[in-house]
Amino acid sequence: MSEPSRPDNEMDKRFEPRSYEQKWQMHWAEKDYFRVEAPSDKPSFCIMIPPPNVTGKLHVGHALQSTIQDLLTRWRRMQGYNALWLPGTDHAGIATQLMVERQLAGEGISRLELGREKFLERTWAWKKQYHGNIRRQLGLLGASCDWSRERFTLDADLNRAVRESFVRLYREGLITRGEYLVNWSPALGTAVSDLEVESRTVQGKLYHIAYPVEGGDERIERIVVATTRPETMLGDTAVALHPEDERYLHLHGKAAILPLVGRRLPFVADAAVDKEFGTGLVKITPFHDPFDFELARRHDLPGISVIDRAGRMSEEAGPDFAGLDRFEARAKIVERLRAEGYLVKIEEHVHNVGHSQRSGEPIEPLVSTQWFCDVSGMAAQALEVVRDGRLTLLPESWNKTWEHWLSNIRPWCISRQLWWGHQIPAWFTADGRYFVAHSVEEAAREAGVDPGALIQDPDVLDTWFSSALWPFSTLGWPDETPDLRTFYPTDVLVTAYDILFFWVARMVMSGLHFMGDVPFRTVHLTGLVRDAEGVKMSKTKGNVLDPEELVDEYGADALRFTLASLDSPGRDIPLNRDQIAGYRAFGNKIWNATRFALSRVGDARVQPSIDDPESLAAPERWILSRLSGVAAEVNARLEDFRFDEACNRLYHFFWGDFCDWYIELSKPALMGEAPRPRVGEVVLTVLDRSLRLLHPVMPFLTEELWQRLPGHEAIHAETIALAPYPRAEPAWDAPEVEAGMDALMQVVARVRALRSELGDFLKLPAKAKLDLFLAAQDAGLGRLLAEQEALIRFLARVESIHWGAAPEGARRDLVAGVEVGLLPQAQEPQKLTEEERGRLHKELEKLDADIGRAEERLSNEQYLAKAPAQVVETGRTRLAEMKERRASLRASLGA
């Protein structure tokens, strides 16, 4: 693509983001503006993208996180950092394999029929076909990634890093292989980790079943157990009770008989039994319940697996039930229990049931041979780095959750019964021995056999295992690369709070273990983006907002600004189209202000700096001082990750200070009605810096407009993306001038309102000539207003200004320490009618009462101690406004 032609100053009246957004994205990519070098003389800044699923479609949560990551990267790049936003995608083991299996099913083929090698070929083809979608969607949002460093979790060098970490952990004794109870997903055909199990509250049933006591009359001596899963009773091997439960002391040393089966079940006493739940007796099914599994280990009880990996009853369940689906078996067992007199009662019961987060069906606890990683030592290190400040979680309210989870961590089941992923680097001999190694050749040497005699473990690693290495494997680890030395540890991770432990904690543990340092200094946890009513978005509810559709309708900049402005610490984000439309209107406002400025500045040009602000008139000094302040505030807010506050400040400065006021203040000078020095230069220079301040949030609009500014070349940057980010300019700070100009603007606003009131009262024509009377209570303010007499006359649309108190009959008010009076020319002074005087007296009485209540509240020490500071400040501001209004009313009434 050739470089876009420099836009001339003839701007289209219509604001249409689609006309320029992708033009600039393509230009930035072609020019390689975002490529970084390592090593570099510049300070480094690095963000790793949380890799989206390679076959996925970006949702609005991705859009939020991408916006913040890009905002930070653009800001640091403009500050002179060697700023890297490293992109990549995740192979998403379960999700991708499911997609390909569904495609095969449509062709009438199963994965098993195709075979592993052919299946993987199909999956790589799928990845190649859909991988470009992620980059395209990120491009629509304005992502400034260094695409030359794009990574994929199954790339050869990342696969090498995964093998290296697995081998090291195994040789350190932290990875073991053994039989353990796992969360099994029958639909997926694989084990899943605790974090991939979603607890759902369901309306179920509690079945009370009578178990005869051995040696007695089974019709008389029975105990009753309560269960929500009667199908598992076929695998019972004991009945547990609390050792201090006086109801059952007589059962110690005895046994129960399992109904329908006849198996002897010894009574075991264990303090973990809850005496208050159900009957206080718990049937123990070691191979189908985590609690039972641990209790059985403590008491050396056997286990029986009665549900298989397909979720069907196994041969050990007996011929009457073998082969049945677990839920079909439940119904049949309940009927048999009822028929044989063992079913005591059934109660409705609300309880929590673990479901597979990916497939949605209830998890089946099963005993299975898997690979496990002992992360307890790494978890202790991860706890310490948050405690001592080496790692900051934002918001800090997540610290307690971090403490709780890592203090109660269990061994991590890292193997998955899938084909798509990092195949476990362990090889088996014919006699069942296994060897963990970097390659089959290394394993063969250790085993003392030919490589052809070994068979690699068919399982793959949990996707999160490779993702845990992302911050350093993508930078070249285990080799000592320039990238690794330059960018590790990275600066910040931006991600949703719902994967704090899926991914963030595991990255921290891995980074500390393999690199000796945290993988990032700060974790910024965003909330979830919800619909306007605060409901979680889902396709089934029909409330999903598609980022691509939103970009097409409103433009990427409007979407970005909306999302960044709503990112408030610790809160989910309710999003609706009206908000985005509002920020599109903000873009339109900037477009039109720039269009006006370029049509009026003549030969003026952008200045790299304005070194003699004292030589300028008050309006120019005011806007420069405001600009210096907003630059300081925005930089500070970005440093604190308060993107909402930074956006709020940018919005109010650009819309209010610049567009609504300074453009208006500049018009008399630019139109030749009241000349002032260097107004065109100030307009363009403020516009240049304002666009640069806004660029990280709204990159497309700012580039389009900045390239049109005459003299922007003086900034010595080909693109606004590489132009310096504005900082505070202490020489521009003029607090006294700001105060004076603020008062001037309040006076103008009030005069406009009085003019409207007067026009309505006297039925004046719109162009009626009015005299304005101004009397400032402060002499310095009076001088400033007098210096800007022509400007006030232009803005307030009055014929003349008189410096002094207004005569009787004028419309009067007191605002910002200035007495304001307005009187039509060639009109007799108008006295208030009795009706109008009565209305004003009523308003005055109400104000007196409101002021009294406000003063009482604001003098109450208890209220001041408990109320939020913002509420107190608002109350004080409101009190001052009411007092000003009271003074105005008294003046109008002659009181």
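What follows covers the packing of aromatic side chains. According to the stated counting rule, one finds 34 aromatic pairs in the structure shown. Between Trp-124 and Phe-152 the ring centres are 5.8 Å apart and the planes differ by 75°, which places this aromatic pair in the edge-to-face class. Highlighted residues: Trp-124 in helix α5 (residues 116-140) and Phe-152 in strand β4 (residues 151-152), separated in sequence by 28 residues. A residue is classified by how much of its surface remains accessible, and Trp-124, at 37% relative accessible area, is partly exposed. For Phe-152, a relative accessible area of 3% gives the class buried. Look at Trp-124 and Trp-420: their rings are 5.1 Å apart centre to centre, the planes differ by 75°, and that puts the pair in the edge-to-face class. Taken together, the residues Trp-124 in helix α5 and Trp-420 in the loop between β17 (415-416) and β18 (426-428) connect sequence positions 296 residues apart. Chaining the aromatic ring pairs together yields one cluster made of Phe-561, Tyr-583, Phe-586, Tyr-651, Phe-654, Trp-655, Phe-658 and Tyr-662. Over the ring of Tyr-434 we find Arg-177; its NZ or CZ atom is 5.6 Å from the centre of that ring. Looking at Lys-667, its charged tip hangs above the ring of Phe-596, at a distance of 5.2 Å from the centre.

To continue, consider unusual backbone geometry. Residue Ala-38 is joined to Pro-39 through a cis peptide bond whose omega torsion reads 0°. Of note, the amide linkage connecting Leu-394 to Pro-395 takes the cis form, showing an omega dihedral of 0°. Note that Pro-395 resides in the loop between β15 (392-394) and α10 (399-407). Positive phi is not limited to glycine here, since His-716 has a value of about 60°. Its place among the elements puts His-716 in the loop between α22 (699-706) and α23 (735-762). The class of His-716 is exposed, set by a relative accessible area of 73%. We note that Arg-797 has phi near 55°; this positive angle belongs to a residue other than glycine. Among the secondary structure elements, Arg-797 is positioned in the loop between α25 (789-796) and β27 (800-803).

Moving on: the pattern of salt bridges. The tally for this structure, following the rule as stated, stands at 70 salt bridges. A salt bridge links Glu-639 to Arg-76; the shortest N-O distance between them is 3.2 Å. In this pair, Glu-639 is assigned in helix α19 (residues 618-639) and Arg-76 in helix α2 (residues 60-78), connecting sequence segments 563 residues apart. Take Glu-639: its relative accessible area is 39%, and that puts it in the partly exposed class. For Arg-336, the salt bridge goes to Glu-340, with nearest N and O atoms at 3.0 Å.

Attention now moves to empty space enclosed by the protein. Enumeration over the complete set of coordinates arrives at 4 cavities of 30 Å³ or more. By volume, the largest cavity is sized at about 90 Å³. Together, Leu-169, Cys-373, Val-375, Met-378, Trp-412, Phe-465, Ala-468, Leu-469, Arg-506, Met-509, Ser-510 and Phe-514 line the largest cavity. The element that contributes the greatest number of residues to the lining of the largest cavity is helix α15 (residues 500-515), accounting for 4 residues. Here the lining of the largest cavity is built from residues that sort into 10 nonpolar, 1 polar and 1 charged.

Turning to its location among the elements, Ser-565 is positioned in helix α17 (residues 556-566). On the basis of relative accessible area, Ser-565 is assigned to the buried category, the value being 15%. From its side chain, Ser-565 meets the backbone oxygen of Thr-562 in a polar contact 2.8 Å long.

Next up on the list: the pairing of strand β28 (residues 811-815). The buried fraction of β28 is high, at 4 of 5 residues. Judged from the 5 bridges that link them, β28 and strand β29 (residues 818-824) form a sheet pairing that is antiparallel. Residue pairing for β29: Asp-813 is matched across the bridge by Val-820. The turn linking β28 back onto β29 is made up of 2 residues, and Ala-816 within it adopts a positive phi angle of 50°.

As a further point, take helix α9 (residues 376-387). Think of an α-helix as turning once every 3.6 residues; residues three or four places apart then point the same way. The first and last C-alpha atoms of α9 sit 17 Å apart over 12 residues, in line with the 16 Å expected at 1.5 Å per residue. When we look at burial in α9, the residues that qualify are Met-378, Ala-379, Ala-382, Leu-383, Val-385 and Val-386. End-on view of α9: buried residues confined to an arc of 165°, all on one side of the axis. Residues of α9 that are buried make contact with α6 (156-171), β14 (364-373), β15, α10 and α15. Residue Gly-389 follows α9 closely and has a positive phi angle near 90°.

Glancing now at the side chain of Ser-165. Here Ser-165 shows up in helix α6. Beyond its immediate stretch of four places on either side in the chain, Ser-165 contacts Phe-465, Leu-469, Trp-477 and Phe-514.

The subject of this paragraph is the environment of Lys-345. Mapped onto the secondary structure, Lys-345 falls in strand β13 (residues 343-356). On the accessibility criterion, Lys-345 (40% relative accessible area) is partly exposed. Taking the C-alpha atoms as reference points, Lys-345 and Pro-230, separated by 115 residues in sequence, lie 13 Å from one another. For Lys-345, the side chain forms a polar contact with the side chain of Glu-347, separated by 3.3 Å.

Quick look at α6 now. Relative to the 22 Å expected for 16 residues at 1.5 Å per residue, α6 spans 23 Å between its end C-alpha atoms, a close match to the ideal helical length. Following α6 by one or two positions, Gly-173 has its phi on the positive side, about 80°.

Next up on the list: the environment of Leu-140. The topology assignment puts Leu-140 in helix α5. Residue classification places Leu-140 among the buried positions, given a relative accessible area of 19%. Measuring from C-alpha to C-alpha, the distance between Leu-140 and Gln-22 comes to 7.0 Å, with 118 residues separating the pair along the chain. In this structure Leu-140 touches Gln-22, Glu-548, Val-551, Ala-556 and Phe-700, once residues within four positions along its chain are discounted.

Across the sheet, 3 strands lie side by side as β8-β7-β13; this open sheet has antiparallel pairing. What marks the edges here is a single partner per strand, and that holds for β8 (222-227) and β13. Strand-to-strand twist in this sheet, taken as the mean axis angle between neighbours without regard to direction, amounts to 20°. Judged from the 6 bridges that link them, strand β7 (residues 197-212) and β8 form a sheet pairing that is antiparallel. Its bridge partner being in β8, Tyr-211 is matched across the sheet by Ile-223. Its contacts with the sheet put helix α8 (residues 326-339) on β7 and β13, and the angle it makes with β13 is roughly 165°.

Calculation notes
Residues numbered from 1 in each chain as written. Predicted model: local features only at pLDDT ≥ 70, side-chain atom pairs only at ≥ 80, totals over all residues. Heavy atoms only, no water. Phe/Tyr/Trp six-rings, centres within 6.5 Å; stacked < 30°, edge-to-face > 60°. Helix = DSSP H or I, 4+ residues; strand = E, 2+ residues; numbered from the N terminus. Buried < 20%, exposed > 50% of the residue type's maximum accessible area, 1.4 Å probe, protein only. Lys NZ or Arg CZ within 6 Å of the ring centre and 35° of its normal. Salt bridge = Lys/Arg side-chain N within 4 Å of Asp/Glu carboxyl O. 1 Å grid on protein atoms, 1.4 Å probe; cavity = no way out; pocket = protein on both sides within 12 Å on 5 of 7 lines; lining within 4 Å. Points joined across faces, edges and corners; volume = space filled by probe spheres on them. Nonpolar A, V, L, I, M, F, W, Y, C, P; charged D, E, K, R; others polar. Polar contact = N/O pair within 3.5 Å; in protein donor to acceptor, adjacent residues only side chain to side chain. Pairing = 2+ DSSP bridges. Expected span 1.5 Å × (residues − 1). Arc of directions from axis to C-beta. Contact = heavy atoms within 4.5 Å. Axes fitted to C-alpha atoms, helices over the stretch in contact; angles between N-to-C directions.

Without other data, these values stay purely geometric and don't point to any function.
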